[in-house]
Amino acid sequence: MKNLLAAILAGVLSFSAMAADLIGTQEKRAAKAITPEVLRAHIRFLSNDLLEGRGPATRGDALAEAYVQSQMEALGLAPGASGGGWLQKFDIVGIDAHAPEKISFAHGAQRLELKNLEDFIASSGVQTPEAKLDQAEIVFAGYGMVAPEYQWDDFKDADVKGKVLLIMNNDPENDPALFAGKARLHYGRWDYKYDTAAKHGAVGAIIIHTDHSAGYKWQVVQSSWSGEQFDLPLKGQPALQVAAWATEDASRKLAALGGLDLDQLRASAEKRDFKPVPLGVSLSLTLKNDISRKQTANVIGKLPGSDAALAQQAVFFTAHHDHLGIKNDARPGEDKIYNGALDNASGVAAILAIARAAMALPQAPKRTLYFAAVAGEEQGLLGSQYLAAHPPVPAGRIAADINIDGVNIWGRTHDITMIGLGKSSLDGWVKKLVAAQGRVVVPDQFPDKGMYYRSDQFSFAHIGVPGAYFDAGTQVIGRPAGWGRQKRQEYEDLHYHQPSDELHDDWDFGGAVEDLRLLFWLGLKVAGDAALPAWTPGNEFESIRKKALAAAP
């Protein structure tokens, strides 16, 4: 047994030594520019109350953009937006929907009243002064999904035009043979469900919230969906009149109003033969909307590549600079600023720190490095959507997007989590570089939350670009087993999308520094590799990538 253990240890050490050779002396030296002090300083400014929560198109948003631009300039980056500027400005539409205090549902002479915000949250899906439902019939539509590759269609031949769909969150998870088991796919995303309902002619959709199916508590829905909401301007695509959320208890009462049992409805929706079920309940609702048309911007800098041919290709580092702004319904004396220190002042600090390391290299990598602080992520990935639709280089020339949405604030770890591990050939570089650090890479520790489809690398995936997206490891050095998961869950429960997401003196950036040096080296390896990264054969984005590569000049 001792000989076997010695052989295993020798193999691990040998592999680690081989992996360490991948990181050159100059790359190691440059990575030392990524320090806890640099991260803390950037986060301190970007999460300061003076930026008022960095809500889209606000004064705080503009201050964040100006800060990031000035930092990029000071580092010596070149402007990276198309046309030679730093800011990629784009239009957004603000909608502040005013709903009645109580929303009334009818079944014949019977009525059910749900309290706005407490039980039910209604947003306008249209960018007009009024959104209206007039005795619209409510239909339970299961998961509201159409997934041909899984032989799944919740709609079948049902006519849902003019109706309001009651929809389950997430996607089927109890049978691994149906979808991806506990791992959430993009079919489980709220935006997919609203879009699909609209494409089928529905006028409204209500998503049933549970902590498990959403991956967060009702308070996150309240903070994220109340007040002014933003979207890109509609350009003729189908849109719901009302996009809503309801608590599980409210949804149970809604089904019961029609004489149905919510649990039985949900159980029937776990099978491919499910068909939509009318509840016999109607909803009349008018939202009065304050409409504003504003601009926000992605801030983009670049380090031009050193190879004459490969410099026309790019590696992107992205992080969103926006957050939720100011809490409109704060009580007197209550903290009302959503500072967004971890989410995502820390991510912006991270790409600035990585840019600092890149500028410390004696020679730029072969491919061009782009650093993009994108806007409007909290509103539905708006900035990265716009960037992906209007990239400074064609999609087929973008090697990869390395996205950062929060950093490790709990200390050094034995592991690092790669969200989307197994999706692309980027895995190979990641595993070797992690081994060089004496650590291990693990898959998503919370696969049910669908994290890959909730941040900005997803917008790049839509144009075929492979993405690397990481989360903090949970095996924290010097802490008992389970401590890291506990801390992560505490943040989700208490601070995610809450005013309490603030910088604290006890944040330990040792793990963040180690993680970000890894990401820096990953970007360098991708930027210098002769081959472009590829999606794993059969991946959902592989065909898009092939088209993008074929179209690239």
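In short, a report on the structure. On a predicted model such as this, the values are computed, not experimentally measured, just so you know. (Residues numbered from 1 in each chain as written. Predicted model: local features only at pLDDT ≥ 70, side-chain atom pairs only at ≥ 80, totals over all residues. Heavy atoms only, no water.)

### Here's the deal with the overall build of the protein chain
Helix and strand counts for the protein chain come out as 16 helices and 21 strands. Taking 2.2 N^0.38 as the reference for a compact globule, 553 residues should give roughly 24 Å; the C-alpha atoms of the protein chain span a radius of gyration of 24 Å, in line with that estimate. With respect to the principal axes defined by its C-alpha atoms, the protein chain has extents near 80 × 60 × 50 Å. Looking at the protein chain as a whole, 56% of its 553 residues are labelled buried. Taking the intrachain contacts of the protein chain between residues at least 6 apart in sequence as the baseline, contacts between residues at least 24 apart amount to 84%. Total accessible area on the protein chain stands at roughly 22400 Å², and carbon and sulfur atoms take up 53% of it. (Helix = DSSP H or I, 4+ residues; strand = E, 2+ residues; numbered from the N terminus. Rg over C-alpha atoms; globule rule 2.2 N^0.38 Å. Buried < 20%, exposed > 50% of the residue type's maximum accessible area, 1.4 Å probe, protein only. Contact = heavy atoms within 4.5 Å. Areas by Shrake-Rupley, 256 points an atom, 1.4 Å probe, with all protein chains shown as cover.)

### Let's talk about the environment of Trp521
Structurally, the position occupied by Trp521 is in helix α15 (residues 510-528). As for Trp521 and Gly259, which are separated by 262 residues in sequence, their C-alpha atoms are 59 Å apart. Non-local contacts of Trp521, meaning those with residues more than four positions away in its chain, are made with Ile23, Glu27, Lys28, Ala31, Leu433 and Gln437.

### Focus on the pairing of strand β6 (residues 130-140)
Looking at chain direction, β6 and strand β13 (residues 277-303) are connected through nine bridges and run antiparallel. Following the sheet pairing, Lys132 is matched in β13 by Thr286. Pairing of β6 with strand β9 (residues 164-168), which is carried by three bridges, proceeds in the parallel orientation. For Val139, the partnering residue across the bridge sits in β9 and is Leu165. (Pairing = 2+ DSSP bridges.)

### Notes on helix α7 (residues 218-225)
Burial runs high along α7: six of the eight residues are buried. Residues of α7 that are buried include every one of Trp218, Val220, Val221, Ser223, Ser224 and Trp225, and no others. Where α7 terminates, the next one or two residues include Gly227, which has phi positive at roughly 75 degrees.

### Comments concerning the pattern of salt bridges
Side chains bearing opposite charge may pair, as long as their charged atoms lie close to each other. Counted by the stated rule, this structure contains 21 salt bridges. Among the salt bridges present, the one from Arg59 reaches Glu52, with a minimum N-O distance of 2.6 Å. For Asp515, the salt bridge goes to Arg439, with nearest N and O atoms at 2.9 Å. Of this pair, Asp515 sits in helix α15 while Arg439 sits in the loop between α12 (426-436) and β20 (440-443), and the two are 76 residues apart along the sequence. In this structure Asp515 comes out as buried when scored by relative accessible area, which is 8%. When salt bridges with common partners are traced through the structure, they connect Glu248, Arg252, Asp263 and Arg266 into a single cluster. (Salt bridge = Lys/Arg side-chain N within 4 Å of Asp/Glu carboxyl O.)

### Considering the side chain of His186
When you line up the elements, His186 lands in the loop between β9 and α5 (190-199). A distance of 3.1 Å separates the side chain of His186 from the side chain of Glu540, its partner in a polar contact. (Polar contact = N/O pair within 3.5 Å; in protein donor to acceptor, adjacent residues only side chain to side chain.)

### Things to note about unusual backbone geometry
Cis geometry is adopted by the peptide bond preceding Asn344, which originates at Asp343 and carries an omega value of 5 degrees. Here Asn344 lies in helix α10 (residues 341-359). Even without being glycine, Glu52 reaches a positive phi, approximately 50 degrees. Position of Glu52 relative to the elements: it lies in the loop between α3 (36-46) and α4 (59-75). Its identity as a non-glycine residue notwithstanding, Gln135 has a phi of 50 degrees, on the positive side. When you line up the elements, Gln135 lands in strand β6.

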